[in-house]
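# Residue-level structure breakdown
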Amino acid sequence: MQRQKANPHMLPNGFYYQAKALSAQKSLDLFYYLRDSLTWQQPKTTVFGKTNPIPRMQCFIADAGVRYGYSGSTLNVEPWPDVLDAMRQRLNKQFDVGFNALLVNLYRDGNDCMGWHADDEAELGYEPIIVSISLGAERVFKIKHKVTKEVTSLTLHSGSCLVMNGLSQQQYLHALPKQTRLAHPRINLTFRTIFQK
Ligand SMILES: O=C(O)CCC(=O)C(=O)O
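Residues numbered from 1 in each chain as written. Predicted model: local features only at pLDDT ≥ 70, side-chain atom pairs only at ≥ 80, totals over all residues. Heavy atoms only, no water.

Where an unreviewed UniProt entry is consulted, the protein chain appears under the name Alpha-ketoglutarate-dependent dioxygenase AlkB, with the organism given as Pseudoalteromonas neustonica.

Set out below in structure tokens:
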């Protein structure tokens, strides 16, 4: 398997990275506000017949009536806090989309992680646009081509914005691996459009 460290300007097709989408102070303020005010859940998933809590905390925020089945569990839906509603409205204008949902992940330290997956659920549509904002500790994000298995690594900085669109979910998997020596927490916001069945 080939590996390469990404130049953020040379990411695989469908991935775009902006390191400083939010200022350092705004990112920090938002991190603490969300950590302390959101209602966090730790859903369970079943893999190969074994049921375990996922290795991170989550909060799913969405418009009324929007549901999201995620790895076999349905998340409770929380209303939009003003600060995140304002952010989604800015992003809706910037990307000319209509985000109606936001999945928030809290990685308490480097033991929390997300395994290889693609956000390719039918309710996200064929070529979804997902905007991912990082707050707090820097983490390594990995992108793997489904056929060639080539892996690209990208460091996600606090205040950064990663956009995944086009065929990114069809052609690639992505993951946030453990970094066991990391003691600091991180919050990730992924704005999505969910089409109800
Ligand atoms: O925390 C991250 O940056 C990864 C989030 C992610 O992969 C997802 O929400 O699908």
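What follows is about the pattern of salt bridges. What the rule picks out here adds up to 6 salt bridges. Among the salt bridges present, the one from Asp119 reaches Arg192, with a minimum N-O distance of 3.7 Å. On the criterion of sequence distance, the pair formed by Asp119 in the loop between strand 10 (114–117) and strand 11 (130–136) and Arg192 in strand 16 (residues 186–192) is long-range, its members being 73 residues apart. Accessibility assignment for this pair places Asp119 and Arg192 in one class, buried. The shortest N-O distance in the salt bridge between Asp120 and Lys146 comes to 4.0 Å. Residue Asp120 is located in the loop between strand 10 and strand 11, and its partner Lys146 is located in the loop between strand 12 (139–145) and strand 13 (151–156); the two are separated by 26 residues in the primary sequence. We classify Asp120 as partly exposed; its relative accessible area is 41%. With relative accessibility at 29%, the residue Lys146 sits in the partly exposed group. The network of salt bridges with common partners includes Asp63, Asp85 and Arg88. (Salt bridge = Lys/Arg side-chain N within 4 Å of Asp/Glu carboxyl O. Helix = DSSP H or I, 4+ residues; strand = E, 2+ residues; numbered from the N terminus. Buried < 20%, exposed > 50% of the residue type's maximum accessible area, 1.4 Å probe, protein only.)

By volume, the second largest pocket amounts to about 160 Å³. Among the elements that take part in the lining of the second largest pocket, helix 2 (residues 82–95) stands out by supplying 4 residues, more than any other. (1 Å grid on protein atoms, 1.4 Å probe; cavity = no way out; pocket = protein on both sides within 12 Å on 5 of 7 lines; lining within 4 Å. Points joined across faces, edges and corners; volume = space filled by probe spheres on them.)

Around the ligand sit 13 residues in total, of which Tyr107, His117, Asp119, Arg186 and Arg192 are the nearest. Interatomic distance of 3.1 Å between a side-chain N/O atom of His174 and an oxygen atom of the ligand. Measuring from an oxygen atom of the ligand, one finds a side-chain N or O atom of Arg192 at 3.0 Å. For the ligand, whose unbound accessible area comes to 290 Å², protein coverage reaches 99%. Comparing atom positions with the cavity grids shows the ligand to sit within the largest cavity. When contributions to the shell around the ligand are tallied by element, the ones reaching two or more residues are strand 9 (101–107), strand 10, strand 15 (172–176) and strand 16. Element by element, the count of residues in the shell around the ligand is highest for strand 16, at 4 residues. Of the residues contributing to the shell around the ligand, the split by class is 5 nonpolar, 5 polar and 3 charged. (Near = heavy atom within 4 Å. Polar contact = N/O pair within 3.5 Å; in protein donor to acceptor, adjacent residues only side chain to side chain. Areas by Shrake-Rupley, 256 points an atom, 1.4 Å probe, with all protein chains shown as cover. Sits in = over half its atoms within 2 Å of the grid points. Nonpolar A, V, L, I, M, F, W, Y, C, P; charged D, E, K, R; others polar.)

We now examine the sheet that holds strand 16. With mixed pairing, the 7 strands of this open sheet are ordered in space as 2-14-11-16-9-5-8. Each edge of the open sheet carries a strand with a single partner, namely strand 2 (15–18) and strand 8 (77–78). Alignment of strand 11 against strand 14 (residues 161–164), held across 4 bridges, turns out to be antiparallel. If you follow Ser132 over to strand 14, its bridge partner there is Leu162. Set on the sheet, helix 2 makes contact with strand 5 (57–62), strand 9, strand 11, strand 14 and strand 16; between it and strand 16 the angle comes to about 50 degrees. (Pairing = 2+ DSSP bridges. Contact = heavy atoms within 4.5 Å. Axes fitted to C-alpha atoms, helices over the stretch in contact; angles between N-to-C directions.)

Turning next to the side chain of Gln169. As for its position among the elements, Gln169 is in helix 3 (residues 168–171). A relative accessible area of 1% means that Gln169 is categorised as buried. For Gln169, the residues in contact, after removing those within four places along its chain, are Ala118, Asp119, Asp120, Pro128, Ile130, Lys146, Met164 and His174.

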